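Understanding the architecture of this molecule
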Amino acid sequence: MSDQVIPRYLPIDTYDAESPVLFINTQKELSDMAACAMHRFVVVRDLADTFSSLDLKGISDCDLTRITSAVHLLMREGCAILNVIQTRALQREEGFKTAV
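Attention here is on the structure that accompanies the text. (Residues numbered from 1 in each chain as written. Predicted model: local features only at pLDDT ≥ 70, side-chain atom pairs only at ≥ 80, totals over all residues. Heavy atoms only, no water.)

A word on the overall build of the chain
The helix and strand tally for the chain stands at 2 helices and 2 strands. Listing the helices and strands of the chain from first to last along the sequence gives β-β-α-α. Relative to a compact globule of 100 residues, whose C-alpha radius of gyration would be 13 Å, the chain shows 17 Å and is clearly more extended. Taken over the C-alpha atoms alone, the chain extends approximately 60 × 30 × 20 Å along its principal axes. Expressed as a percentage of the 100 residues in the chain, the buried residues total 19%. Sequence separation of at least 24 residues holds for 66% of the intrachain contacts in the chain that already meet a minimum separation of 6. Of the accessible surface of the chain, which amounts to about 7300 Å², a share of 58% is contributed by carbon and sulfur atoms. (Helix = DSSP H or I, 4+ residues; strand = E, 2+ residues; numbered from the N terminus. Rg over C-alpha atoms; globule rule 2.2 N^0.38 Å. Buried < 20%, exposed > 50% of the residue type's maximum accessible area, 1.4 Å probe, protein only. Contact = heavy atoms within 4.5 Å. Areas by Shrake-Rupley, 256 points an atom, 1.4 Å probe, with all protein chains shown as cover.)

And the structure:
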């Protein structure tokens, strides 16, 4: 994985369009990409915290579908960003190894 060339703009497959609409700029600073991924995971965590304290006996199937769709989308985007971060970090590590 670390020897692959990453395109400048990597599509995020969200399954809501025939062709990708959202892309990750793979050349952004790693800290910016990590902050973007972290924001998505924090939102998912906070949402899970909220729902863990609620009485969900009366929740409708429609509401449950909306919640799980939002969680799925945010997690999918966050994981896609983390994959780019991991690939770039591995490439950087390989560069350090060959330079020594």
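Side note on the environment of Ile 67
Within the secondary structure layout, Ile 67 lies in helix H2 (residues 61–99). Considered as a pair, Ile 67 and Gln 4 are 63 residues apart in the sequence and their alpha carbons are 36 Å apart. Residue contacts for Ile 67: discarding those within four places in its chain leaves Leu 47, Phe 51 and Ile 59.

Here's the deal with helix H1 (residues 30–52)
Spanning 23 residues, H1 covers 32 Å between terminal C-alpha atoms, matching the ideal 33 Å at 1.5 Å per step. Looking at H1, one finds that the buried residues are Leu 30, Met 33, Ala 37 and Val 44. (Expected span 1.5 Å × (residues − 1).)

What about the pattern of salt bridges?
All chains considered together, the criterion is met by 3 salt bridges. Here Asp 46 and Arg 45 are joined by a salt bridge, their closest N and O atoms 3.0 Å apart. A relative accessible area of 35% means that Asp 46 is categorised as partly exposed. (Salt bridge = Lys/Arg side-chain N within 4 Å of Asp/Glu carboxyl O.)

Some points on the side chain of Arg 88
Assignment of secondary structure puts Arg 88 in helix H2. Within the buried core, Arg 88 has no salt-bridge partner, and the shortest N-O distance to an opposite charge, that of Glu 29, equals 5.9 Å. Contact partners of Arg 88, with chain neighbours within four places excluded, come to Ile 6, Thr 26, Gln 27, Lys 28, Leu 30 and Met 33. (Lys, Arg positive; Asp, Glu negative; His and termini not counted.)

Things to note about the nonpolar core
In this structure, Ile 12, Ile 24, Leu 30, Met 33, Ala 37, Ala 80, Ile 81, Val 84 and Ile 85 together form the largest nonpolar core, which totals 9 residues. Top element by residues in this core is H2. It accounts for 4 residues. (Core = buried A, V, L, I, M, F, W, Y, C linked by side-chain atoms within 4.5 Å.)

Notes on the environment of Thr 50
Relative to the helices and strands, Thr 50 is located in helix H1. Taking the C-alpha atoms as reference points, Thr 50 and Cys 62, 12 residues apart in sequence, are found 18 Å from one another.

What to know about the environment of Val 71
For Val 71, the position within the fold is in helix H2. Judged by relative accessible area, Val 71 falls into the partly exposed class, the value being 26%. Excluding residues that lie within four positions of it along the chain, Val 71 makes contacts with Val 44 and Leu 47.

Read these as geometric descriptors, not functional statements.
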